[in-house]
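# Working through the structure, step by step
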Amino acid sequence: MTRMRKLTAAAGAVIATAYGGTLILHNPSISSNDFGGGGSHLDALRKKLHAPDVVVPSRESHQSTLMAASKANPLDVLVIGGGATGAGAALDAVTRGLNVGLVEREDFASGTSSRSTKLLHGGVRYLEKAVFNLDYGQYKLVLHALDERKQVIENAPHLCHALPCMTPCFSLFEVVYYWAGLKMYDLVAGRQLLHLSRYYSTKESVELFPTLAKEGQDRTLKGTVVYYDGQMNDSRLNVGLACTAALAGAAVLNHAEVVSLLKDDAGKRIIGARVRDNLTGKEFDTYAKVIVNASGPFCDALRKMADKNAQEMIAPSSGVHIILPDYYSPEGMGLIVPKTKDGRVVFMLPWMGRTIAGTTDSNTSITYLPEPHEDEIQFILDAISDYLNIKVRRTDVLSAWSGIRPLAVDPTAKSTESISRDHVVCEDYPGLVTITGGKWTTYRSMAEDAVNAAIKSGKLTPANGCVTNKLCIVGGEGWELSSFTVLAQQYKRMKSTHGGKVVPGIMDSAAAKHLSHAYGTLAERVASIAQNENLGKRLAHGYPYLEAEVAYCARNEYCESAIDFIARRTRLAFLETDAAKRALPRVIEILANEHKWDDSRRKEELQKATDFLKTFKSSQNAQFHDGKHH
């Protein structure tokens, strides 16, 4: 370790001049304590965010706040991009006492942030590189990610949990190699450890993971090593961040697109943005002392609005995932194959009652709605079939999607594999701070770095330091695994039949657990809508989603379109395309009622959502019923 330290002692904060500005690679040694976090401020904030009667401000009031920000009286910070990093930055800045706005062209988490692997991981692979390349930078990356992983799980306990992952070993060398490597991972995690890794014999492994093949391709299973990482519901976590920022006082506006950036009279500094409300077509100007560009894969397009000659920083990389029936993997155990034929990692994880399988990266181009290629889907199916004792069929693919990861470019890197997963903060045009790269696990510290840079750029005076490492997102404070029992015991699901008759249904454990995990301590609000407004029916056979959620999300989570609901407020589009299609008419009916849509808007919503679902390349009419949710 001393050798590694010497090797990269200088790698603490790398500062390189690029694109005519300063490019700072993240330095994990800066902590929130360096800015003095206030305890009493945090207590007051918690009371405000988690008050029993707290309600998010309306979309209209947010828009009014943004329109009122003028040259003479600008916001402190305007964040562009409502993904994990953007929503995290808005929450960080507003809880430091700054005046904050956020605009997002589509919906919160509509890009990369809803299309992740759903893992919160410290980065086992980076640890491997750190050891073999004696790379202290990679080692620090792992340490930092492990810290952040624990933090995310603690701050959103209803949406995150620890997940055991099994790595199959086919030789004694592999057993020793993976066991030693994962023990090192445990050691590096220290107090941040979720659970200890351990070795299981072949017999134990197959009992834990019945579909795992013992024989195949001239090799025999010699056992497995199981370690733990975190798993989450990514888009609900992202929406939770945006709503928490709104409750803390930030003006957050989804479906609001930046059409141009505004410069000062001398043309030397960015001082605002022209924004189009994509729901009404109305355009307005909003001003801020600093703009934070957190637009993920699209951050170069925004940088070019400031300076058309800005050099590109993004190497877009596509991550494809498919959803398979639950029988592919047992309920509480994932499977991770560290090296496939072409060197990529393949995983198969239980997620929300189904199995998610995926690859790592391949190069791609930047588009609004990335689609998975058939050969990528086939690659995943072929790769997992090498390790399973069941027939792996294309017809079992219930949903498939592609997400674009905005990897920050290192000009010397040969492949996306070797591009740093670390994030980059730069201000290459005064007044425009860009944050990009990184990964879901470290969104909170990325946001912290972006806000630190914004404070410096705009000479802002926050009332206190960063407090997000100790702040639960809305619904998280006081939540416990047993919280669902209150719903099961105290609420009914009142349902309107086709004949208009209202009949009571039980709030069964499946529905109660789902509501509790999705909404945390606010689940009772959804349950009371189901009970008092006769919205207790399930939206799709085989899934626990209730009609009441549509009304709740329209009122409390800025759910403005059918796609917002099926893809991000719930995960139906990601879990089964066909089920999402079947739920659409009822989802649109309830949203139309909440948002006062006319017939033409309803038709438009149905068309847009149908087109959207076509980009999820499920097998034609792939359906699967687990018999759990009737």
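Not measured: the values here are computed from a predicted model. (Residues numbered from 1 in each chain as written. Predicted model: local features only at pLDDT ≥ 70, side-chain atom pairs only at ≥ 80, totals over all residues. Heavy atoms only, no water.)

### Topic: the environment of T211
Following the sequence through the fold, T211 ends up in the loop between helix 8 (202-208) and strand 8 (215-216). For the pair T211 and Y327, spaced 116 residues apart in sequence, the C-alpha separation works out to 8.1 Å. (Helix = DSSP H or I, 4+ residues; strand = E, 2+ residues; numbered from the N terminus.)

### What about the packing of helix 6 (residues 136-155) against helix 7 (residues 172-189)?
One can describe the packing of helix 6 onto helix 7 by two numbers: an axis separation of 9 Å at closest approach and a directional angle of 65°. Taken together, the axis directions place helix 6 and helix 7 in an arrangement best described as roughly perpendicular. As for the relative orientation of helix 6 and helix 7, their crossing is right-handed in sense. For the pair helix 6 and helix 7, contact is made by Y139, V142, L143, L146 and R149 and by Y185, V188 and A189, respectively. Classifying every residue of the contact of helix 6 with helix 7 gives seven nonpolar, no polar and one charged. (Axes fitted to C-alpha atoms, helices over the stretch in contact; angles between N-to-C directions. Parallel < 35°, antiparallel > 145°, perpendicular 65-115°, else oblique. Left-handed = near helix turned anticlockwise from the far one by under 90°. Contact = heavy atoms within 4.5 Å. Nonpolar A, V, L, I, M, F, W, Y, C, P; charged D, E, K, R; others polar.)

### Observations concerning unusual backbone geometry
Positive phi is not limited to glycine here, since A109 has a value of about 65°. With respect to the element layout, A109 can be found in the loop between strand 4 (100-103) and strand 5 (119-120). Phi angles above zero are rare outside glycine, and N534 is one such case at about 55°. Residue position: N534 is located in the loop between helix 15 (523-532) and helix 16 (547-556).

### A look at a nonpolar patch on the surface
A surface patch of nonpolar side chains, about 270 Å² in accessible area, is lined by V131, F132 and M184. Mapped onto the elements of the fold, F132 is located in helix 5 (residues 124-132). (Patch = residues over 30% accessible without salt bridge, like charges linked within 9 Å, V, L, I, M, F, W, Y side chains within 5 Å. Areas by Shrake-Rupley, 256 points an atom, 1.4 Å probe, with all protein chains shown as cover. Salt bridge = Lys/Arg side-chain N within 4 Å of Asp/Glu carboxyl O.)

### As for the packing of helix 14 (residues 509-519) against helix 16
Helix-helix packing is described using two parameters, namely the angle between the two axes and the distance between the axes. Axis separation between helix 14 and helix 16 bottoms out at 12 Å; the angle between their running directions is 15°. Here helix 14 lies roughly parallel to helix 16, going by the angle between them. The way helix 14 lies across helix 16 gives a crossing that is right-handed. For the pair formed by helix 14 and helix 16, the contact residues are H514, L515 and Y519 on the first element and E549, Y552 and C553 on the second. Residue composition of the contact of helix 14 with helix 16, grouped by class: four nonpolar, one polar and one charged.

### Topic: the pattern of salt bridges
For the structure on display, the rule yields 39 salt bridges. In this structure, R571 and D234 form a salt bridge, with 2.6 Å as the shortest nitrogen-oxygen distance. Here the residue R571 occupies a position in the loop between helix 17 (562-569) and helix 18 (572-575), and D234 occupies one in helix 9 (residues 234-248), the gap between them amounting to 337 residues. Residues R571 and D234 agree in their burial class; the two are buried. Here D300 ties to R303 by a salt bridge, and the two come within 2.6 Å at their closest N and O atoms. Of this pair, D300 and R303 both sit in helix 10 (residues 299-306), three residues apart, roughly one helical turn. Residue D300 is classed as buried on the basis of its relative accessible area, which comes to 7%. Taken together, the shared-partner salt bridges connect E257, R274, R276, E283 and D285 into one network. (Buried < 20%, exposed > 50% of the residue type's maximum accessible area, 1.4 Å probe, protein only.)

### As for the confidence of the model for the protein
In the predicted model, the protein carries a mean pLDDT of 88, and the fraction of residues at 70 or more is 90%. Every residue in residues 1-37 is under pLDDT 50, and counting partners more than four places away or in other chains gives 66 contacts. (pLDDT = per-residue confidence, 0-100.)

### Observations regarding the side chain of N238
As for its position among the elements, N238 is in helix 9. For N238, a relative accessible area of 0% puts it in the buried group. Discounting chain neighbours no more than four positions away, the residues touching N238 are G82, G83, A84, A87, F108, A109, S113 and W440.

### A few points about the pairing of strand 13 (residues 270-277)
The element strand 13 is largely enclosed, with a buried count of six among its eight residues. Pairing of strand 12 (residues 256-263) with strand 13 involves seven bridges; the strand directions are antiparallel. Note that in strand 13 the partner of A256 across the bridge is D277. Between strand 12 and strand 13, which pair antiparallel and follow one another directly, the connecting turn spans six residues, one of which, G267, has a positive phi of 70°. In the sheet, strand 13 pairs with strand 14 (residues 283-293) via five bridges, with the strands oriented antiparallel. Note on strand 14: the bridge partner recorded for V275 is F284. The turn linking strand 13 back onto strand 14 is made up of five residues, and G281 within it adopts a positive phi angle of 85°. (Pairing = 2+ DSSP bridges.)

### Section: the packing of aromatic side chains
Enumeration over the complete set of coordinates arrives at 13 aromatic pairs. Ring geometry for F173 against Y177: centres 5.6 Å apart, planes inclined by 25°, an arrangement best described as stacked. You can see F173 and its partner Y177 sitting in helix 7, four residues apart, about one turn around the helix. For F173, a relative accessible area of 60% puts it in the exposed group. (Phe/Tyr/Trp six-rings, centres within 6.5 Å; stacked < 30°, edge-to-face > 60°.)

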